Amino acid sequence: MLTMTIAWRNIFRQKRRTTLTILTLLGGFTLSAISIGWSDGTYNRIIEMFTRNRLGHIQIHAAGYLDRPSLYRNITNGAELGSRIEDIPEVEAWTPRLFSAALASVAEKTSGVQIVGINPEREARATRFDRKIIDGRSLSAEAAHETVIGRGLARTLKAGCGDEIVVVSQGADGSIANDLYTIVGILESGDAIQDQASLYLHLADAQELLVLAGAVHELVVIASSLEDVAQATEAIQSRLNEPNLEVAPWQEFARPFYVAMKADQQGSWIGLFIIVLIVSIGVLNTILMTVLERTREYGVLKAVGTRPGQVFRLVLYEVWIMSIVGVTIGAGISLIINYTLSIHGIVMPQAFTYGGMEFTHYYAEVNARSILIPAVTVILSAVLVSILPALRAARVAPARALRTH
Amino acid sequence: MSHADTHDLIVTTGVTKTYQDNGVPVHAVRGIDLTIRCGEFTAIVGPSGSGKTTILNIISGLDTVTSGEVWLAGKQLSAMSGTELSDFRRDRVGFIFQAYNLIPVLTVEENVEYIMLLQGVSKQERHDRVDKILGELGLAGFAHRLPTKLSGGQQQRVAIARAMVSGPAIILADEPTANLDSKTGAELLDMMRTLNENSGITFLFSTHDTQIMERARRLITLRDGVIHSDEVRG
């Protein structure tokens, strides 16, 4: 207890040096916490935009569809499956989709398109489909031979709301599928590549065109949060338990995107390592100087009967106390900064496009790991680098130490 | 103790200590045979470099011998590990240094009770013993002051209190009056002499202060690392 008292009072002896050490620890912690919060915020926002706005967190397909998408690998009981999973607590919404390639023409302009048959109401709840309409309106609740097309496609076809569009494809029965639809809305999903080819029909219209009555290719599931995806996937797999179905989280069906995100995040650990290294060198320097200055004092402590282990602990306690103070103040500062950045973000000097989506702001995130990882890393590294000076203090030869000034 | 009778507190036989100073061997003490009996008030005197402090450090286990043996209170010091030596000094040896060497961040009271805390003495007993010794040494009103707020004489009194409070077998005092004016030095020496007479604690000084020499009941003179004379006074 007295060792702790001495350690506590020692840190107030050299106020300037203690302040400098605490500032080093605080600065290292704050930089690390902001760096992690920022990295998490940015990546999670990108992931959320990809999944929540487009792909969904979890997708359910007929077995083999993800490897080789085909008109014929479909699910015939989509509505029933959806109703079986919608009461799972981690499931926020689900929506069915039907896909097919087609040709679309407006007047003399023709372009290749991807038909996406959707349930407008469910799609609005799941992926906020209605909020992406930049001109006109969304599809009617009931099938009415209406279509919403991507902004890029509208440009290619020089089409606008009210125009009629001819869609030609192949029906599941081998027939030539063609029909006429009215463009009711122009959509901007945030994915410019996708918007150059997307043509949205009411699910019933798409099923009729493709001669796939009651069939869907995909059920998109939105989980309550990104953190709940794994649990929701497990619950859905367990609930459905059908061998002819594949339930995949976004990390599987968007594997290249997931791998790219992971690689980027790995890179940010290098930055964290450099910060911790700088903090460690700063702390080592301070503690070594302190130990050298107090050699005589350690000699006295040992002379009057203090065990080497107690002297060792005395040095480590000082570092530990300064680390706790630095981390506590740093936690407060970084929480405020991360919170502010999570609300307002920072405008990027130059917007960048990732997977067809444009990003204009950096956002941070307030989470536990952005505090816990730097706290553990900074305290541990400070204590670790102090072991050497602490050993030096513990091994001081009292007779020699008492001769120093 | 195999080398002496039960009244012998310190026994050294053939103690030598050789330092290396930039590769040059320096013979600090050369073959010291010394016996200090319980309750003595002894001064080791001699010119600078004669080996006074070295022999004190060796006797207390702060330094090791190059050859020879040291027995203190029946224990052979060279047979002890670092931790055993720490515990031995804590329980059996009190130190008074020339530069006082109080722990600067602890108050007078905390400095005095420090060794008792290491010994695991109960709070109440520590408190009682600290109060008593501070009263005896005229430091009753200074318990909560830091050493830096005290005069040199007061700091040395605290050092004496710290050395005595745990009830050691011997107090080793290395030039205890060197930093004090002669009046304060004389007062402290009289105080130590009284404590020696009243409590029976053995005092061993290393000094060239004539005031200590006058008060010592035994005077050992070192020259060039060997005992030149050993005079016991009435």
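Computed from a prediction, not measured in an experiment: that's the story for all the values here.

This part covers the sheet that holds strand β4 (residues 67–72) of chain B. All names here are of chain B. Read across the open sheet, the four strands follow the order β2-β1-β4-β5; overall the sheet is antiparallel. A single partner strand is all that each edge strand has here, and the edge strands are β2 (24–37) and β5 (75–76). As paired strands, β4 and β5 are joined by two bridges and run antiparallel to one another. Its bridge partner lying in β5, L72 is registered against K75. Helix α1 (residues 52–60) contacts β1 (8–21), β2 and β4 of the sheet and is inclined by roughly 120° relative to β1.

A word on helix α6 (residues 182–199) of chain B. Residue and element names in this part refer to chain B. An ideal rise of 1.5 Å per residue puts 26 Å on 18 residues; α6 measures up with 25 Å between its terminal C-alpha atoms. Along α6, the positions that sit buried rather than exposed are T184, G185, A186, L188, L189, M191, M192, L195 and N196. Among the structural elements, β3 (41–45), β6 (93–96), α4 (123–136), α5 (152–165), β8 (202–207) and α7 (210–215) are those in contact with the buried residues of α6. With a side-chain oxygen lying 3.1 Å from the backbone nitrogen of K183, the N-terminal cap of α6 falls on D181. Positive backbone phi, at 80°, marks G200, one or two positions downstream of α6.

For chain A, the assigned domains read domain 1 (2–51 + 258–403) and domain 2 (93–220). Summarising the inter-unit geometry, the C-alpha centres of domain 1 of chain A and domain 2 of chain A are found 54 Å apart.

As a further point, take the packing of helix α2 (residues 15–55) of chain A against helix α4 (residues 120–127) of chain A. Residues and elements named next belong to chain A. Between α2 and α4, whose axes approach to 7 Å, the crossing angle comes to 170°. Of the possible angle classes, the one that applies to α2 and α4 is roughly antiparallel. When α2 is examined against α4, the residues R52, N53 and R54 are found in contact with a partner set consisting of R125, A126 and T127.

Reading the values: rules and limits
- Residues numbered from 1 in each chain as written.
- Chains lettered and ligands numbered in written order.
- Predicted model: local features only at pLDDT ≥ 70, side-chain atom pairs only at ≥ 80, totals over all residues.
- Heavy atoms only, no water.
- Pairing = 2+ DSSP bridges.
- Helix = DSSP H or I, 4+ residues; strand = E, 2+ residues; numbered from the N terminus.
- Contact = heavy atoms within 4.5 Å.
- Axes fitted to C-alpha atoms, helices over the stretch in contact; angles between N-to-C directions.
- Expected span 1.5 Å × (residues − 1).
- Buried < 20%, exposed > 50% of the residue type's maximum accessible area, 1.4 Å probe, protein only.
- Polar contact = N/O pair within 3.5 Å; in protein donor to acceptor, adjacent residues only side chain to side chain.
- Domains from an automatic or database assignment.
- Parallel < 35°, antiparallel > 145°, perpendicular 65-115°, else oblique.

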